[in-house]
Amino acid sequence: MSQQLRQDGSLRHLITLEGLDRTLLERLLDRAQTYVRTLDERPINAQLLRGITVANLFGEPSTRTRASFELAARRLGAEVLNLEVHLSSRTKGETILDTVYTLQAMHLDVLVLREAEPGVPALVAAHVAPHVSVVSAGEAHLSHPTQGLLDALTIRQRKGDLRRLKVAIVGDIEHSRVARSAWHALATLGTGEIRIVAPPAFMPGPADFAGCARHETIDAGIRGADVIMMLRIQKERMAAVSVPDAQTYFSQFGLSSERLTLAARDAIVMHPGPMNRGIEIQSEVADGPQSVILQQVSNGVAVRMAVLEAVTRRR
Ligand code: NCD
């Protein structure tokens, strides 16, 4: 999707990581790394985005993504507007574009958008004023670019060179935007081996996830892996009848501490959150020494700072 880039090659919108080149991704990660602070340090308090207004427009539930976009914007000095779509005039029949034009009339620079319907971020990006950037905070099952970046940053921090790594993405791959964006980022960054590990019902079609190894049992999928990324079952994206029963799913596909011993001894365990403990992941693993789940959350703020800075840079 070339419309994400300006003519000079800089990032104007961030809708998908697909098609962005390695240099651009590495620059974003390098910049994000400069914003990382340990929890006993004061977070960044800068004025780089002073005078910039960021609106968060979320049409689906969110805790981490929304909070971190807001903190990222504020810590760089931007003004932030949060709109809950279910409380906005869209429930009165206003179209997304009219909502966007309305916000734009109040002087808006960045629109952070989470949408259940595919294609909406690109549609909005095609209609906003030239100075406005659209950043996706999750689009249907298709894309969650800042999540892909924060996952890549976390792996890079813990494991260094991605070329030697075996990364297993496990669970409901078919309905997961997190899996797709992680795959885009990790493939572009030259990851040694990317495995998608899912029961047949959650395995995407053969045209999707090109180049990934496929496994239909978790034991085979995580064997020798350096990184295990667990995913929540996306119940909201499937008919109620096809949602597996929790106990059966855990016994067949959940990450228990016993199973974790199949992976590399120093393997890290990731999860984008929200977790369903006892379904895709055992609490002992989620809270255990190999878990980097809260490091992912911390990195989310840093990555979103870097993205907001990148899309507003030329102003
Ligand atoms: C994910 C999402 O919304 O795509 N959460 C997140 O942004 N960290 C994953 C999920 O909902 O399972």
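In the block above lies the structure referred to throughout.
Note that the structure is a prediction, hence the values are computed from the model and not measured. (Residues numbered from 1 in each chain as written. Predicted model: local features only at pLDDT ≥ 70, side-chain atom pairs only at ≥ 80, totals over all residues. Heavy atoms only, no water.)

## Remarks on the sheet that holds strand E6 (residues 193–197)
Condition: A pair of strands is labelled paired if DSSP reports no fewer than 2 bridges between them. Helix numbering and strand numbering both begin at the N terminus, where a helix is a DSSP run of H or I of at least 4 residues and a strand a DSSP run of E of at least 2. In this analysis an axis means a line fitted to C-alpha atoms, helices contributing only their contacting stretch, and an angle means the value between N-to-C directions, from 0 to 180 degrees. Every residue pair with non-hydrogen atoms within 4.5 Å of one another is taken to be in contact.
Within the open sheet, the 5 strands sit side by side as E7-E6-E5-E8-E9. Their pairing is parallel. Two strands bound the open sheet, and with one partner strand each, they are strand E7 (213–215) and strand E9 (268–270). Taken over all neighbouring pairs, the strand axes of this sheet differ in orientation by 20° on average, direction set aside. Examined bridge by bridge, E6 and E7 share 3 bridges and lie parallel to one another. By the bridge assignment, isoleucine 196 is partnered in E7 with arginine 214. Each of strand E5 (166–170), E6 and strand E8 (227–230) is contacted by helix H6 (residues 177–188), which is oriented at about 165° to E5, the strand it contacts most.

## Quick word on the sheet that holds strand E1 (residues 53–58)
The strands making up a sheet associate through backbone hydrogen bonding, with each pair oriented either parallel or antiparallel. With parallel pairing, the 4 strands of this open sheet are ordered in space as E2-E1-E3-E4. With one partner strand each, in any of the chains shown, strand E2 (79–84) and strand E4 (133–139) form the two edges of the open sheet. Taking the axes of each pair of neighbouring strands and ignoring which way they run, one obtains an average angle of 15° across the sheet. Sheet topology places strand E3 (residues 110–115) next to E4; 5 bridges connect them, and they run parallel. Bridging across to E4, valine 110 finds its partner in serine 133.

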